[in-house]
Amino acid sequence: FAGNPSFIDLDALKADGLLTAAQLKAEKWGDDPLSVDYGTLYTSRYKVLRTAYAAWRKQCAGLYGCAYYFPDDYYAFTLANEEWLDDYALYMACKRHFGMKSWTEWPDDDLRLRKNEAVLDKYRTLLREDMQFFTYLQFLFFRQWTALRDYVHQQGIRIIGDLPIYVAMDSADVWAEPQFFQLDDDLVPKAVAGVPPDYFTADGQLWGNPLYDWDAMRDDGFGWWIRRIDGAGKLYDVIRIDHFRGFANYWAVPYGQPTAKNGRWIAGPGMDLIERLNGWFPQLEFIAEDLGYPTPEVAQLLRESGWPGMKVLEFAFDSRDSSGYLPHAYTPHCICYTCLLYTSP
């Protein structure tokens with residue numbers, strides 16, 4: 001649900017009087033203009049965001065005469081997003097408190113396993129200031145994103161957003177709602193995500209993401225996915241579902257395996273989930289990422305979903321059999337991408 005603070009426009013904060021040009025210039029942003037130094041950027045960005053947060057708090061205190069009164073739009077944002085915002089802010093504050101370790105390594109078992117609400121309240125009190133900082137960052141992100149999306153819509157442009165099928169183990173999603181994932185009593189994964197060996201990799205791809213407990217999600221009416229798509233719908237007009245074939249069947253690798261070789265295919269939620277999403281979100285459009293060589297089951301699920309699949313123009317020039325990606329062979333209900341770009345961390 002949360003937006004990435006790396007996208008917050010620092011120049012906009014300067015225009016709001018929360019940062020100065022001197023404060024921005026004083027930080028290191030990397031030495032090579034042709035490459036990104038992510039480590040330096042991370043450190044510098046959060047430092048200036050802290051500075052902006054302090055300036056905002058000072059502004060609020062000056063306006064309202066109290067350090068803990070905030071503007072109405074801030075309160076409206078927290079109320080509209082309270083279903084996820086408190087857990088996210090607590091998760092981020094605890095990560096900082098424990099030296100940015102994964103929640104699976106937090107030393108307090110009651111916190112890690114969420115066994116005791118009183119313990120959670122203890123950390124909410126202890127880390128109140130950090131929680132408010134991370135809440136403020138989300139307020140900034142969504143305020144700026146909404147302004148950007150409104151401008152884009154005025155230009156007659158819509159935004160396609162990519163939704164990875166899985167989430168990271170070290171995430172607020174898994175920590176806050178572990179009952180929807182295939183975890184044991186100690187919240188250790190029973191199996192993890194990946195794909196089997198293929199033309200590209202003899203060992204397959206071991207992604208390592210925790211797998212969904214589709215039975216638990218089905219029993220809950222797929223509420224977790226409904227909330228996730230609702231969150232994405234606040235950002236995008238069209239949502240591309242990554243690894244669509246995982247809805248038909250997914251590759252489960254026993255936890256601890258060094259490669260993805262020894263996994264097995266397990267049936268996914270199929271049309272049970274897709275019908276639920278189509279029913280809840282008639283205003284959204286979906287794209288199914290169905291690249292590769294889909295099985296008959298995946299092709300059938302794509303037809304039944306009513307979602308368009310993908311065609312990538314550059315795949316037509318692959319040395320292997322790629323006739324399905326030649327433009328004259330495109331089916332009527334598909335989305336053509338001129339190229340496919342991959343980014344690395």
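Residues numbered from 1 in each chain as written. Predicted model: local features only at pLDDT ≥ 70, side-chain atom pairs only at ≥ 80, totals over all residues. Heavy atoms only, no water.

A. Fine view of the overall build of the chain. A tally of regular secondary structure across the chain gives 14 helices and 9 strands. The globule rule puts the C-alpha radius of gyration for 345 residues at 20 Å, and the 22 Å found for the chain is close to it. Every one of the 345 residues in the chain was classed for burial, and the buried ones make up 47%. Considering only contacts in the chain between residues 6 or more positions apart, those separated by 24 or more positions represent 67%. On the chain, roughly 18,700 Å² of surface is accessible, and the fraction owed to carbon and sulfur atoms is 54%. Here the chain contributes 33 positively and 48 negatively charged side chains, and the mean placements of these two sets differ by 4 Å. (Helix = DSSP H or I, 4+ residues; strand = E, 2+ residues; numbered from the N terminus. Rg over C-alpha atoms; globule rule 2.2 N^0.38 Å. Buried < 20%, exposed > 50% of the residue type's maximum accessible area, 1.4 Å probe, protein only. Contact = heavy atoms within 4.5 Å. Areas by Shrake-Rupley, 256 points an atom, 1.4 Å probe, with all protein chains shown as cover. Lys, Arg positive; Asp, Glu negative; His and termini not counted. Charge placed at Lys NZ, Arg CZ, Asp CG, Glu CD.)

B. Seen up close, helix H5 (residues 82-97). The end-to-end C-alpha distance of H5 is 22 Å, a good match for the 22 Å that 16 residues give at a rise of 1.5 Å each. Listing the buried residues of H5 in full gives Trp84, Leu85, Asp87, Tyr88, Ala89, Leu90, Tyr91, Met92, Ala93, Cys94 and Lys95. If you follow the buried residues of H5, they end up packed against helix H4 (72-80), helix H6 (109-112), helix H7 (117-126), helix H8 (128-154) and helix H9 (172-176). Positioned one or two residues after H5, Gly99 has a phi angle of 70 degrees, which is positive. (Expected span 1.5 Å × (residues − 1).)

C. A look at the side chain of Gln182. Tracing the backbone shows Gln182 in the loop between H9 and strand E2 (191-195). Within the local environment of Gln182, its side chain forms a polar contact with the backbone oxygen of Tyr212, the two atoms lying 2.9 Å apart. A distance of 3.0 Å separates the side chain of Gln182 from the side chain of Tyr250, its partner in a polar contact. The contact partners of Gln182, leaving out residues within four places of it in the chain, are Val188, Pro189, Lys190, Ala191, Leu211, Tyr212, Asp213 and Tyr250. (Polar contact = N/O pair within 3.5 Å; in protein donor to acceptor, adjacent residues only side chain to side chain.)

D. Layout of the packing of H5 against H7. Relative orientation of the contacting elements H5 and H7 amounts to 70 degrees, with a least axis distance of 10 Å. Judged by the angle between their axes, H5 and H7 are roughly perpendicular. Along its contact with H5, which presents Asp86, Leu90, Cys94 and His97, the element H7 presents Leu120, Tyr123, Arg124 and Leu126. When the residues that make up the contact of H5 with H7 are grouped by side-chain class, the tally is 5 nonpolar, 1 polar and 2 charged. (Axes fitted to C-alpha atoms, helices over the stretch in contact; angles between N-to-C directions. Parallel < 35°, antiparallel > 145°, perpendicular 65-115°, else oblique. Nonpolar A, V, L, I, M, F, W, Y, C, P; charged D, E, K, R; others polar.)

E. Broad picture of the side chain of Ser171. Within the secondary structure, Ser171 sits in the loop between strand E1 (160-163) and H9. Take Ser171: its relative accessible area is 8%, and that puts it in the buried class. Polar contacts involving the side chain of Ser171 include one to the main-chain amide nitrogen of Val174, which spans 3.3 Å. Setting aside residues up to four positions removed in sequence, Ser171 forms contacts with Tyr91 and Trp103.

F. Region of interest: the packing of aromatic side chains. Applying the stated rule across the entire model yields 44 aromatic pairs. For the ring pair Tyr74 and Tyr75, a centre distance of 6.1 Å and an interplane angle of 65 degrees mean the geometry is edge-to-face. Measuring from centroid to centroid gives 5.8 Å for Phe77 and Phe142, while their planes differ by 40 degrees, and the two rings are tilted. You can see Phe77 sitting in helix H4 and its partner Phe142 sitting in helix H8, a full 65 residues away along the chain. Per residue, the accessibility class of Phe77 equals that of Phe142, and both read buried. The ring of Phe133 carries the charged tip of Arg50 above its face, separated from the ring centre by 3.8 Å. (Phe/Tyr/Trp six-rings, centres within 6.5 Å; stacked < 30°, edge-to-face > 60°. Lys NZ or Arg CZ within 6 Å of the ring centre and 35° of its normal.)

G. Highlighting the sheet that holds strand E6 (residues 264-267). The 4 strands are arranged E3-E2-E5-E6 in an open sheet whose pairing can be described as antiparallel. A single partner strand is all that each edge strand has here, and the edge strands are strand E3 (205-210) and E6. Sheet twist, expressed as the average angle between the axes of neighbouring strands with direction ignored, equals 50 degrees. Bridge analysis of strand E5 (residues 249-254) against E6 gives 4 bridges, and the strand direction is antiparallel. For Asn249, the partnering residue across the bridge sits in E6 and is Ala267. (Pairing = 2+ DSSP bridges.)

H. The nonpolar core, seen in detail. Counting 90 residues, the largest nonpolar core has Trp225, Ile229 and Phe247 as the members making the most contacts within it. No other element matches H8, which puts 10 residues into this core. Counting 5 residues, the second-largest nonpolar core is a separate cluster that includes Ile287, Met310, Val312 and Tyr337. (Core = buried A, V, L, I, M, F, W, Y, C linked by side-chain atoms within 4.5 Å.)

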